[in-house]
Amino acid sequence: MIEASAEYRYTKTHEWVRREEDDSITVGITAHAVELLGDMVYVQLPEVGRTVAAEEECCVVESVKAASDIYAPMSGEVIAVNDTLDASPELLNQDPYGAGWILRLRPTQPDEFASLLDQADYAAVVAEEEH
Amino acid sequence: MGNKTSLYDQHLIAGAKMVDFAGWDMPLHYGSQIEEHHRVRRAAGMFDVSHMAVVDLHGLRVRAFLRTLLANDVARLTTPGKALYSCLLDTQGHVLDDLIAYFLTEDWFRLVVNASTRTKDLAWIQSHASAFGVAVRERTDLAMIAVQGPEARMRTLNVLPGTLSSAADQLLPFQGKIGEGVGEEDWFVARTGYTGEEGFEVVLPSAEAAGFWKALLAAGVVPCGLGARDTLRLEAGMNLYGNDMDETVTPLESGLAWTVAFVPRERDFVGRAALDAQRTVGVSYKLVGLIVEGRGMMRHGHAVKVPGVGEGIVTSGGFSPTLGRSIAFARVPAATTTECHVEVRPGQWLTARVVKTPFVRFGKSHWT
């Protein structure tokens, strides 16, 4: 359910964050979120160049079950979005930590990374929800 | 812990995501409800619908009883086994439930009613049955499996027991047959369904359900959950009780006028006076099919605006896997013509076209 790699961080709202070599971050939603939402049918991506604050709504994913807001895990500028999700939203179900990535941000407050959840913290959030 | 059908273990084995539905632990999907949907449109899928209630009515005056109880007229059922879709109304003409009535013999009719309305329906039916000397027997000893899709009949015929298989092969659309072979007395096969595809609904003893389910699996029929069942019935233009009609509306406001038999005039069914009066005055609202323009999901409860006409509400909505966009039913002012607007997100309104249903029938759609 949770990507084991140490590169990843998480949010309470079920986004994952991976810091890249150029210090940008890639953002997606966790397998746990995908499991809750079911088959994805539509992703409304933000525009490249948009500036977002941490915890700001930046994207909407719609599944067969519900619409769900995606929140920016960190403040920054959107430098890329995964356009393939337009035609293939099912990538979110099939490969949430890989081909189902949603967007990349260039953080303006790099310190925010440290306040994200690590794997153990996020596992606790998931366990709490499933309780 | 909810009620469990006799196929509960089979669902777990197949990897189902289980959810509560009207007090029953039922499969929502077995991995991907969209894949399951496509399997039914293109090949064959099966649904555990054992949570629905099978109610047998016995008595010499059972036909007269049902001609009073139901808004549709069982006098239309002249061939044994034939089925009729009808609403069950209260005296105000409001919809208590929708059901299928099967004419088995002149003193035996069978009803299949919704799980969510089981208790209410049984009490209502019972309260009217005594006057006709009709005995009401809920068949909690039976399970029900719907097998649907273009390949459903062929694959089911191969695994039905003995004489029932050849009998099922002869069935006309909307007709059923009770098993006649030894040990088949509690089996019942009907050429009915809730998907807009060919197929059977098989009623059988609960103790034999798992074996039959496994035989269907081996015959290449894939398990499908309530998720696919909902998108298939929506595409097929079929109402869902509790969403598209309930005790606050009449069939005439729910796209179900075709199921009310106003002729012969002298047939005095429960709710008739109210419906006659409503017909005279004219309905204020109607149920229509919608296809969204652009991207966004119409869902149950979304607000609808019809410019210059009034407001309405989405009663059922979601993603149509066949059309690749959102479709819906909405209750809108009767004067609504070709177009409306649906609030798919707070403050975000999309245009939707009013279209004739079904959206999809036998795998095909004339809408894009």
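To be clear, the structure that these remarks concern was listed above.
Counting starts from 1 at the beginning of each chain's written sequence and moves along it residue by residue. Key to labels: chains lettered from A, ligands numbered from 1, both in the order written. The model is predicted, so local features are restricted to residues of pLDDT at least 70 and side-chain atom pairs to those at 80 or more, both for listing and for counting; the totals for chains, interfaces and linings are taken over all residues.

Draft legend 1. Spotlight on the overall build of chain B. For chain B, the count of helices and strands is nine helices and 19 strands. Two things to know: the radius of gyration comes from C-alpha atoms, and the globule rule equals 2.2 Å times the number of residues to the power 0.38. Relative to the 2.2 N^0.38 estimate, which gives 21 Å for 368 residues, the radius of gyration of chain B is 20 Å and therefore close to what a compact globule would have. Referenced to the eigenvectors of the C-alpha coordinate spread, the extents of chain B come out at roughly 65 × 50 × 40 Å. In chain B, which comprises 368 residues, the share counted as buried stands at 47%. Here a helix means four or more residues in a row that DSSP labels H or I, a strand means two or more in a row labelled E, and each is numbered from the N terminus. Three exposure classes are used, all based on how many other C-beta atoms lie within 10 Å of a residue's own C-beta (placed from the backbone): buried at 20 or more, exposed at 12 or fewer, and partly exposed between those limits.

Draft legend 2. Structural detail: the overall build of chain A. The number of helices and strands found in chain A is four helices and nine strands. The globule rule puts the C-alpha radius of gyration for 131 residues at 14 Å, and the 14 Å found for chain A is close to it. Considered along the principal axes of its C-alpha atoms, chain A spans approximately 35 × 35 × 25 Å. Here chain A holds 131 residues, and the buried ones make up 39% of them. Our contact criterion uses C-beta atoms placed from the backbone: two residues qualify when those atoms are within 7 Å. Nonlocal contacts in chain A, meaning residues at least 24 apart in sequence, comprise 62% of its contacts between residues at least 6 apart.

Draft legend 3. Summary view of the interface of chain A and chain B. Contact with chain A, which involves seven residues of that partner, is made by ten residues of chain B. The residue classification treats Ala, Val, Leu, Ile, Met, Phe, Trp, Tyr, Cys and Pro as nonpolar and Asp, Glu, Lys and Arg as charged. All others, Gly included, are polar. Taken together, the residues of the side of chain A that touches chain B break down into four nonpolar, one polar and two charged.

Draft legend 4. View of the sheet that holds strand β16 (residues 310-320) of chain B. Residue and element names in this part refer to chain B. On the basis of which strands lie adjacent, the closed barrel formed by six strands has the order β14-β17-β16-β15-β18-β19 and antiparallel pairing. Recorded for the sheet is a direction-independent mean angle of 40° between the axes of neighbouring strands. Two strands are counted as paired when DSSP detects at least two bridges linking them. Alignment of strand β15 (residues 303-306) against strand β18 (residues 339-345), held across two bridges, turns out to be antiparallel. Looking at β18, one finds that Val304 is bridged to Val342. For helices, the axis comes from a line fit to the C-alpha atoms of the stretch in contact; other axes are also lines fit to C-alpha atoms, and the angle between any two N-to-C directions lies between 0 and 180 degrees. Those strands touched by helix α8 (residues 226-235) are β16 and β17 (325-333), and its axis lies near 125° from that of β16.

Draft legend 5. Quick peek at the sheet that holds strand β4 (residues 53-58) of chain B. Residue and element names in this part refer to chain B. Here five strands make up an open sheet; going across it, the order is β5-β6-β7-β4-β8 and the pairing antiparallel. Each edge of the open sheet carries a strand with a single partner, namely β5 (83-89) and β8 (135-138). Going from strand to strand, the sheet's axes swing by 30° on average, the running direction of each strand aside. Judged from the six bridges that link them, strand β6 (residues 95-105) and strand β7 (residues 108-113) form a sheet pairing that is antiparallel. Pairing of Thr105 across the sheet is with Trp108, part of β7. Of the strands in this sheet, β4, β5, β6 and β7 touch helix α3 (residues 62-69), which is tilted by about 35° from β7.

Draft legend 6. Spatial organisation of the pairing of β15 of chain B. Residue and element names in this part refer to chain B. Where β15 and β16 come together, four bridges link them in antiparallel fashion. In the sheet register, Lys305 faces β16, and the bridge partner there is Glu311. Here β15 hands over to β16 after three residues, with Gly308 in that stretch at a positive phi of 75°.

Draft legend 7. Structural context of the pairing of β6 of chain B. Residue and element names in this part refer to chain B. Burial within β6 is extensive, with nine of its eleven residues counted as buried. Here β5 pairs with β6 via seven bridges, running antiparallel. Across the sheet, residue Leu89 finds its bridge partner in β6, namely Val95. Between the antiparallel neighbours β5 and β6 lie five residues, among them Gly93 with a positive phi of about 80°.

Draft legend 8. The arrangement of the nonpolar core in detail. Formed by 75 residues in total, the largest nonpolar core has its most connected members in Ala101, Phe109, Met144, Ile145, Val147 and Val189 of chain B. A total of seven residues in this core trace back to one element, the largest contributor, which is β6 of chain B. Residues within four places of Met144 of chain B in sequence aside, it is in contact with Val49, Ser50, Met52, Val54, Glu201, Val202 and Val203 of chain B. In this description, a nonpolar core means buried residues of the types Ala, Val, Leu, Ile, Met, Phe, Trp, Tyr and Cys, linked to one another by C-beta atoms lying within 7 Å. Counting 56 residues, the second-largest nonpolar core is a separate cluster that includes Ile29 and Val64 of chain A together with Val304 and Val344 of chain B.

Draft legend 9. Structural detail: helix α7 (residues 206-218) of chain B. Residues and elements named next belong to chain B. When the terminal C-alpha atoms of α7 are compared, their 19 Å separation across 13 residues agrees well with the 18 Å that a helix rising 1.5 Å per residue should span. Where α7 is buried, its residues meet α1 (8-13), β3 (45-48), β9 (142-148), α5 (152-157) and β12 (199-205). Trailing α7 by a residue or two, Gly220 shows a phi angle of about 90°, which is positive. For a helix, the expected span equals 1.5 Å multiplied by the number of residues minus one.

Draft legend 10. Representation of the environment of Leu111 of chain B within the structure. Residues and elements named next belong to chain B. You can see Leu111 is positioned in strand β7. A residue is classified by how many C-beta atoms lie within 10 Å of it, and Leu111, with 24 of them, is buried. For Leu111 and Ile13, which are 98 residues apart along the polypeptide, the C-alpha to C-alpha distance reads 31 Å. Once residues within four sequence positions are removed from consideration, Leu111 is found in contact with Val55, Leu57, Leu99 and Ala101.

Draft legend 11. Broad picture of unusual backbone geometry. Residues and elements named next belong to chain B. Residue Pro264 follows Val263 across a cis peptide bond; omega there is 0°. On the secondary structure map, Pro264 appears in the loop between α8 and α9 (272-281). Omega for the peptide link from Thr357 to Pro358 comes to 5°, which places this bond in the cis form. Of note, Pro358 is situated in the segment after β19 (348-355).

Draft legend 12. Local environment of helix α4 (residues 119-130) of chain A. When the terminal C-alpha atoms of α4 of chain A are compared, their 16 Å separation across twelve residues agrees well with the 16 Å that a helix rising 1.5 Å per residue should span. When you tally the buried positions in α4 of chain A, you get one out of twelve residues, a small fraction of the element.

Draft legend 13. Representation of the environment of Arg139 of chain B. Residue and element names in this part refer to chain B. Inspection of the secondary structure puts Arg139 in the loop between β8 and β9. Take Arg139: there are 18 C-beta atoms within 10 Å of it, and that puts it in the partly exposed class. On a C-alpha basis, the gap between Arg139 and Arg110 in space is 9.9 Å, while along the polypeptide they are 29 residues apart.

Draft legend 14. Spotlight on the environment of Ala228 of chain B. Residues and elements named next belong to chain B. The topology assignment puts Ala228 in helix α8. Overall, Ala228 belongs to the buried group, with 32 C-beta atoms counted inside 10 Å. Once the C-alpha coordinates of Ala228 and Ala273 are considered, the two residues, 45 residues apart in sequence, prove to be 38 Å apart.

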